[in-house]
Amino acid sequence: MAYLFNWRWAFRVTPPLAILFTVILFFFAEEPPRGATEVVPLSMNDEAEDDSVDGDKLNLRDFLTDLRLIWAIRSFAYSTFAFTAITFVSGAISGWGPTFLQRMHCTDAADAGRCKSEINYKFGIIGSITGVAGTLIGAVLSQRYARSSNSNSDPVICGVGLLAAAPFIYLAVFLPPISMLYTWISIFLGELFIGFTWAPATAMLLYVTLPTQRSFAAGIQTLTSHLLGDALSPFIVGWLAGNLYYNNDFTRGKALQYALYPTSAFAIIGAVFFGISAKYVIGDRRMVEIQEHEQIGSAGVLPEPSEAYFGQVSSSLELTEGPIPKDTDASPRPADQIS
């Protein structure tokens with residue numbers, strides 16, 4: 001909008017769009033019964049005939065207990081570290097990318113306004129297209145390869161996406177002095193591959209945590225990734241660029257270029273964390289399924305989660321489609337030991 005008209009139009013268009021989507025959600029979105037995911041049905045083979053919620057409620061725990069148990073899920077912890085690396089890269093690129101390109105190419109004062117608007121416009125178009133396309137591709141890949149509880153495809157998809165994005169992020173920083181065409185292509189492909197991670201990472205969070213913990217786990221991951229990721233990376237890049245500019249014989253564009261180079265390394269770090277998460281995700285997912293569906297005793301009381309479920313034995317547990325033997329360390333605790 002700023003490119004076609006002026007920057008004020010961006011604030012004139014977005015409120016009506018927000019109202020439109022609010023109306024669509026209000027009239028067409030179907031809200032599931034409240035508390036449905038916190039219930040284990042009395043008969044796992046029975047289909048619900050109405051919207052009523054009938055069954056045994058999962059036990060709720062205090063804040064600190066849930067916090068400790070959630071961070072004990074290794075696949076969750078490592079995917080959160082990886083997600084933080086993703087937001088670090090995204091924050092650095094979105095925060096400083098247009099400014100970097102403007103400093104490298106908009107050097108003619110007479111044409112600076114048009115040049116800056118054109119870069120912002122192209123950057124926004126690429127971000128919109130790659131955000132939608134990357135998310136859809138990641139969702140399709142996740143649906144196709146990660147349906148089975150014995151699959152670690154989600155963290156693998158995310159890791160491969162980040163590894164593929166890393167060289168293009170580097171090229172997007174390296175190429176502007178040489179070719180803007182190849183710069184835009186690199187930005188497009190880098191952001192597209194980053195977009196592969198959004199859907200699988202979200203799906204993984206949902207199936208490695210208990211229903212009563214999922215909203216809390218999502219909040220933890222969101223807070224951690226944004227606080228240490230896109231909230232921090234623009235500051236770090238700006239600080240590095242400032243130091244390079246004032247302490248070396250660099251132009252502002254060259255200083256910002258050197259400050260942006262480490263972002264590609266963070267994409268590789270995120271891929272490594274997703275690779276580690278892939279080692280544990282099958283066991284953690286299986287443990288959640290046991291917690292949700294296996295009823296202990298005549299009262300159908302579910303056991304409280306423990307470290308034996310999450311993290312400590314998930315890597316060594318031999319998973320089968322049948323029930324886990326009761327004499328293993330990963331088996332649910334007897335009902336009389338549940339507090």
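How each quantity is defined
- Residues numbered from 1 in each chain as written.
- Predicted model: local features only at pLDDT ≥ 70, side-chain atom pairs only at ≥ 80, totals over all residues.
- Heavy atoms only, no water.
- Helix = DSSP H or I, 4+ residues; strand = E, 2+ residues; numbered from the N terminus.
- Buried < 20%, exposed > 50% of the residue type's maximum accessible area, 1.4 Å probe, protein only.
- Contact = heavy atoms within 4.5 Å.
- Areas by Shrake-Rupley, 256 points an atom, 1.4 Å probe, with all protein chains shown as cover.
- Disulfide = S-S within 2.5 Å.
- Polar contact = N/O pair within 3.5 Å; in protein donor to acceptor, adjacent residues only side chain to side chain.
- Phe/Tyr/Trp six-rings, centres within 6.5 Å; stacked < 30°, edge-to-face > 60°.
- Lys NZ or Arg CZ within 6 Å of the ring centre and 35° of its normal.
- Core = buried A, V, L, I, M, F, W, Y, C linked by side-chain atoms within 4.5 Å.
- Patch = residues over 30% accessible without salt bridge, like charges linked within 9 Å, V, L, I, M, F, W, Y side chains within 5 Å.
- Salt bridge = Lys/Arg side-chain N within 4 Å of Asp/Glu carboxyl O.
- Axes fitted to C-alpha atoms, helices over the stretch in contact; angles between N-to-C directions.
- Parallel < 35°, antiparallel > 145°, perpendicular 65-115°, else oblique.
- Left-handed = near helix turned anticlockwise from the far one by under 90°.
- Nonpolar A, V, L, I, M, F, W, Y, C, P; charged D, E, K, R; others polar.

**Let's talk about the overall build of the protein chain**
For step 1, the next point in the chain: Regarding its fold elements, the protein chain presents 11 helices and two strands.
For step 2, the next point in the chain: Across the protein chain, helices and strands are ordered from the amino to the carboxyl terminus as α-β-β-α-α-α-α-α-α-α-α-α-α.
For step 3, the next point in the chain: Here the protein chain holds 339 residues, and 40% of them are scored as buried.
For step 4, the next point in the chain: Sequence-distant contacts, at least 24 apart, represent 73% of the contacts inside the protein chain between residues at least 6 apart.
For step 5, the next point in the chain: When the accessible surface of the protein chain is split by element, carbon and sulfur atoms take 62% of a total near 18,500 Å².

**Observations regarding the environment of K122**
For step 1, the next point in the chain: The topology assignment puts K122 in helix α4 (residues 112-145).
For step 2, the next point in the chain: Since its relative accessible area comes to 31%, K122 is described here as partly exposed.
For step 3, the next point in the chain: For the pair K122 and W184, spaced 62 residues apart in sequence, the C-alpha separation works out to 8.4 Å.

**Regarding the state of the cysteines**
For step 1, the next point in the chain: Evaluated as defined, the whole model comprises one disulfide.
For step 2, the next point in the chain: The disulfide bridge from C106 ends at C115, spanning 2.1 Å between sulfur atoms. Measuring the twist about the S-S bond at about -75°, one finds the C106-C115 disulfide to be left-handed.
For step 3, the next point in the chain: The class for C106 is buried, based on a relative accessible area of 11%.
For step 4, the next point in the chain: Taking relative accessible area as the criterion, C115 reaches 12% and is therefore assigned buried.

**Structural notes on the side chain of S179**
For step 1, the next point in the chain: Within the secondary structure, S179 is located in the loop between α5 (153-174) and α6 (180-195).
For step 2, the next point in the chain: A relative accessible area of 16% means that S179 is categorised as buried.
For step 3, the next point in the chain: Engagement of the side chain of S179 in a polar contact is seen with the backbone nitrogen of Y182, the distance being 3.3 Å.

**Description of the packing of aromatic side chains**
For step 1, the next point in the chain: Using the criterion set out here, one finds 18 aromatic pairs in the structure.
For step 2, the next point in the chain: Measuring from centroid to centroid gives 6.1 Å for Y78 and F81, while their planes differ by 85°, and the two rings are edge-to-face. With a gap of three residues between them, Y78 and F81 both fall in helix α3 (residues 74-105), about one helical turn apart.
For step 3, the next point in the chain: Between Y78 and F273 the ring centres are 6.3 Å apart and the planes differ by 25°, which places this aromatic pair in the stacked class. Note that Y78 is positioned in helix α3 and F273 in helix α11 (residues 262-293), a separation of 195 residues in sequence.
For step 4, the next point in the chain: A relative accessible area of 24% places Y78 in the partly exposed class.
For step 5, the next point in the chain: Accessibility expressed as a relative area gives 24% for F273, which makes it partly exposed.
For step 6, the next point in the chain: Taken together, the ring pairs connect W71, F76, Y78, F81, F273 and Y280 into an aromatic cluster.
For step 7, the next point in the chain: Sitting above the plane of the Y245 ring, R252 keeps its charged end 4.4 Å from the centroid.
For step 8, the next point in the chain: Lying across the ring of Y207, R285 places its NZ or CZ 3.8 Å from the centre.

**A closer look at the nonpolar core**
For step 1, the next point in the chain: In this structure, F76, L101, W184 and F274 are the most contacted members of the largest nonpolar core, which totals 44 residues.
For step 2, the next point in the chain: Among the elements that make up this core, the one with the highest residue count is α3 (nine residues).
For step 3, the next point in the chain: Aside from chain neighbours lying at most four places away, what touches L101 is C106, I119, F123, P176, M180, T183, W184 and I187.

**Some points on a nonpolar patch on the surface**
For step 1, the next point in the chain: There is a patch of nonpolar side chains on the surface, built from L17, I19, L20, F21, V23, I24, F26, F27 and F28 and spanning about 1,000 Å² of accessible area.
For step 2, the next point in the chain: Checked against the element boundaries, F21 lands in helix α1 (residues 8-28).

**Overview of the packing of α3 against α6**
For step 1, the next point in the chain: Where α3 contacts α6, the axes come no closer than 12 Å and their chain directions differ by 170°. In terms of axis orientation, α3 runs roughly antiparallel to α6. The crossing of α3 and α6 is left-handed. In this structure, α3 contributes I86, V89, S90, I93, L101 and H105 to the contact, and α6 contributes M180, T183, W184, I187, E191 and I194.
For step 2, the next point in the chain: The class makeup of the residues in the contact of α3 with α6 is eight nonpolar, three polar and one charged.

**A look at the packing of α4 against α6**
In a packed pair of helices, the relevant descriptors are the angle between the two axes and the axis-to-axis distance.
For step 1, the next point in the chain: Packing of α4 against α6 brings their axes to within 7 Å, and their N-to-C directions diverge by 35°. Between α4 and α6 the crossing geometry is right-handed. Of the residues in α6, those touching α4 at I119, K122, F123, I126, G127, I129, T130, A133, G134, T135 and I137 are W184, I187, F188, E191, L192 and G195.
For step 2, the next point in the chain: Residue classes in the contact of α4 with α6 are distributed as 10 nonpolar, five polar and two charged.

**Concerning the environment of Q102**
For step 1, the next point in the chain: Along the chain, Q102 falls in helix α3.
For step 2, the next point in the chain: Here Q102 falls in the buried class, since its relative accessible area comes to 12%.
For step 3, the next point in the chain: Not counting residues up to four positions away in its chain, the partners in contact with Q102 are K116, I119 and N120.

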